[in-house]
Amino acid sequence: MKNQKKIEILQKIIQIKSVNDNESEVADYISSLFSRFPETNIQKFTYAPNRDNLVITIGKNQGPMLGLTGHMDVVAPGNLEDWKYDPFSATIADNKVYGRGATDMKSGLAALVVALLELLEQKTELPGKIRLLATVGEETGEYGAAQLTTKGFADNLAGLLVAEPTSHMQNIVYTARGVIDYKVKSYGKTAHSAEPQDGINAIDNLIVFYHLAIERLLKFSKTDPVLGGVTHSITKIKGGEQVNSIPSYAELMGNIRTIPAYPNQCFYDELEAIIAELNQQQGFKLAITYSFPEEAIPGKPDSRIIKIAQRTHQNVLGSEAKITGSSGANDSSEFLQAKGNFNSIELGPGSNTSHQSNEYVEINDYLNAIEFYKQFALDFLQDKQIRKEFPAAD
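Residues numbered from 1 in each chain as written. Predicted model: local features only at pLDDT ≥ 70, side-chain atom pairs only at ≥ 80, totals over all residues. Heavy atoms only, no water.

A. Broad picture of helix α7 (residues 304–317). When the terminal C-alpha atoms of α7 are compared, their 19 Å separation across 14 residues agrees well with the 20 Å that a helix rising 1.5 Å per residue should span. For α7, the full list of buried residues reads I305, I306, I308, A309, T312 and H313. Down the axis of α7, the buried side of the element spans an arc of 160°, and every buried residue falls inside it. Residues of α7 that are buried in the fold lie against β7 (159–162), β8 (171–176), β17 (322–326), β18 (344–346), α9 (363–382) and α10 (384–389). G318 occupies a position one or two residues after α7 and carries a positive phi of about 75°. (Helix = DSSP H or I, 4+ residues; strand = E, 2+ residues; numbered from the N terminus. Expected span 1.5 Å × (residues − 1). Buried < 20%, exposed > 50% of the residue type's maximum accessible area, 1.4 Å probe, protein only. Arc of directions from axis to C-beta. Contact = heavy atoms within 4.5 Å.)

What follows is the structure, given as structure tokens:
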């Protein structure tokens, strides 16, 4: 495939406005690229209207199966006046492609797609299978990956590569923080602000929780040598009806970034203990819920998939990749809950402009990623240790 066609595929995927929705159009476009290869298994799974996960499998049953994954959703572009170019134009300038998702992570997804297309075009004999898992909803909770995991599409993989951006393909990420988003609702009783004793101030009660949560979660003080410590931030708060009424309702949202030393259950237990204690006091009525929590990924810095990726990186890109961790969660948190015992890595093209205005990917990074993914898939499936540990894909 000529480089111009590879770049056009990336541009087309960026131009599809899949802002926390509409991933079906991305899935349909990718599917159309594979439709001329009858040996390809193409499956779509609806999460919600206009939100289809996509699974594409190539290769033979004999041998291990390598999983490759990327998400099709992007975050909102924000203030359009902050952009040099329309965020969905996929404009090329200065050897870069600009657009929302250019780094996070449509360049990684497109590189995976093109790598598989080239393997098919070249009629490459695969000693196993490759499965592309293109997901919905990664930016807001990894629920597409959760659906595919529940349906068994990650069961018994031999390894998983996540094509999230990793510093221009120079880092191999093996461990990542988990995340817990929670919401606390506070119910009170409205009254005239001139007679506050007749009401129950939902905001006051919420502030009590706020301070207790900040203080009590400090006990989780261990530090991971790669990821650092736990972080906890109150990121959203609202409440009240009008300025001269005692508020009958208030809520806040908090975000916790966890490390492997602390399973998420530790934080659930602590937060729920605070809620229970406060609800025993007169006037308190609090409730807590969680939004798509993800466990931290401990990973193994010396796993076989990392060793293979290091070798491929040296051979294809001519440099030694840094083995490191990520402060952000990704879809592998869900896929690693599948049946079997496999490791994952995160390695993909992109700049440090994720979620920013003027997001871009360097064209050379994108093209290098395609070459890396093609060779890595072959190196992984041919590896003697992998083939011994995972003798059959099905």
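Further notes follow.
B. Summary view of the sheet that holds strand β5 (residues 96–98). Taken together, three strands build an open sheet; the order of strands is β4-β5-β19 and the sheet is antiparallel. Looking at which strands have only one partner, the edges of the open sheet turn out to be β4 (92–93) and β19 (360–362). Both β4 and β5 contribute to a ladder of two bridges, which runs antiparallel. Paired with I92 across the strands is V97, a residue of β5. Running over the sheet, α9 touches β4, β5 and β19 and is turned about 65° from β19. (Pairing = 2+ DSSP bridges. Axes fitted to C-alpha atoms, helices over the stretch in contact; angles between N-to-C directions.)

C. Structural detail: the side chain of N53. Mapped onto the elements, N53 comes out in strand β2 (residues 51–59). Relative accessible area serves as the criterion here: at 0%, N53 is assigned to the buried category. Filtering out sequence-adjacent residues up to four positions away, N53 remains in contact with Q43, K44, F45, Y47, M72, A134, T135, V136, G144, Q147 and L148.

D. Representation of the sheet that holds strand β15 (residues 249–258) in the model. Taking strand neighbours across the sheet as the criterion, the four strands line up as β13-β15-β9-β16 in an open arrangement whose pairing is antiparallel. What marks the edges here is a single partner per strand, and that holds for β13 (231–239) and β16 (286–294). Put simply, the sheet's adjacent strands are angled 15° from each other on average, direction ignored. Taken together, the eight bridges between β13 and β15 define a ladder with antiparallel strand orientation. Counterpart to G239 in the pairing with β15 is A250.

E. Summary view of helix α5 (residues 202–216). Here α5 is 15 residues long and its end C-alpha atoms lie 21 Å apart, about the 21 Å a rise of 1.5 Å per residue gives. Contact partners of the buried residues in α5: β9 (178–187), β13, β15, α6 (264–279) and β16.

F. Focus on the nonpolar core. Among the nonpolar cores identified, the biggest contains 68 residues, and I30, F34, I130, L161, Y373, F376 and F380 are the most heavily contacted of them. It is helix α3 (residues 102–121) that contributes the most residues to this core, 13 residues altogether. Apart from residues no more than four positions distant in its own chain, L161 is found in contact with G67, L68, T69, L112, I345, L347, F372, Y373 and F376. Judged by nonpolar contacts, the second largest core, of 25 residues, contains A202, L206, A250 and Y262. (Core = buried A, V, L, I, M, F, W, Y, C linked by side-chain atoms within 4.5 Å.)

G. Region of the structure containing the pattern of salt bridges. In total, this model carries 16 salt bridges according to the counting rule given. In this structure, R216 engages E270 in a salt bridge whose closest nitrogen and oxygen atoms are separated by 2.7 Å. Taken together, the residues span a long stretch of sequence, with R216 in helix α5 and E270 in helix α6 at a distance of 54 residues. Between R216 and E277 there is a salt bridge; the shortest N-O distance is 3.2 Å. Here R216 is found in helix α5, whereas its partner E277 is found in helix α6, with 61 residues between them in sequence. Overlapping salt bridges, with partners in common, bring together K6, E118, E371 and K374 in one network. (Salt bridge = Lys/Arg side-chain N within 4 Å of Asp/Glu carboxyl O.)

H. Summary view of the packing of helix α2 (residues 23–34) against α3. At their nearest, the axes of α2 and α3 sit 10 Å apart, and the two run at 20° to each other. Classified by the interaxial angle, the pair formed by α2 and α3 is roughly parallel. Between α2 and α3 the crossing geometry is right-handed. Residues V26, I30, L33 and F34 of α2 form the contact with α3, whose own contacting residues are K106, L109, V113, L116, L117 and L120. Partitioned by chemical class, the residues of the contact of α2 with α3 number nine nonpolar, no polar and one charged. (Parallel < 35°, antiparallel > 145°, perpendicular 65-115°, else oblique. Left-handed = near helix turned anticlockwise from the far one by under 90°. Nonpolar A, V, L, I, M, F, W, Y, C, P; charged D, E, K, R; others polar.)

I. Spatial organisation of the environment of I207. Note on placement: I207 falls in helix α5. Measuring from C-alpha to C-alpha, the distance between I207 and S332 comes to 35 Å, with 125 residues separating the pair along the chain.

J. Representation of unusual backbone geometry. With an omega of -15°, the peptide bond between D104 and M105 qualifies as cis. Position of M105 relative to the elements: it lies in helix α3. Not every positive phi belongs to a glycine, and A90 is a case in point at roughly 55°. Of note, A90 is situated in the loop between β3 (65–71) and β4. Positive phi outside glycine occurs at H168, with the angle close to 60°. Mapped onto the fold, H168 is located in the loop between β7 and β8.

K. Looking closely at the environment of K151. Within the secondary structure, K151 sits in the loop between α4 (143–150) and β7. Judged by relative accessible area, which is 46%, K151 ranks as partly exposed.

L. Fine view of the packing of α5 against α6. Close contact between α5 and α6 brings their axes to 10 Å; oriented N to C, the two are set at 145°. Taken as a pair, α5 and α6 cross one another with a handedness that is right-handed. Contact residues: V208, F209, L212, A213 and R216 in α5; E270, L271, A273, I274, I275, E277 and L278 in α6. Residues belonging to the contact of α5 with α6 are distributed by class as follows: nine nonpolar, no polar and three charged.

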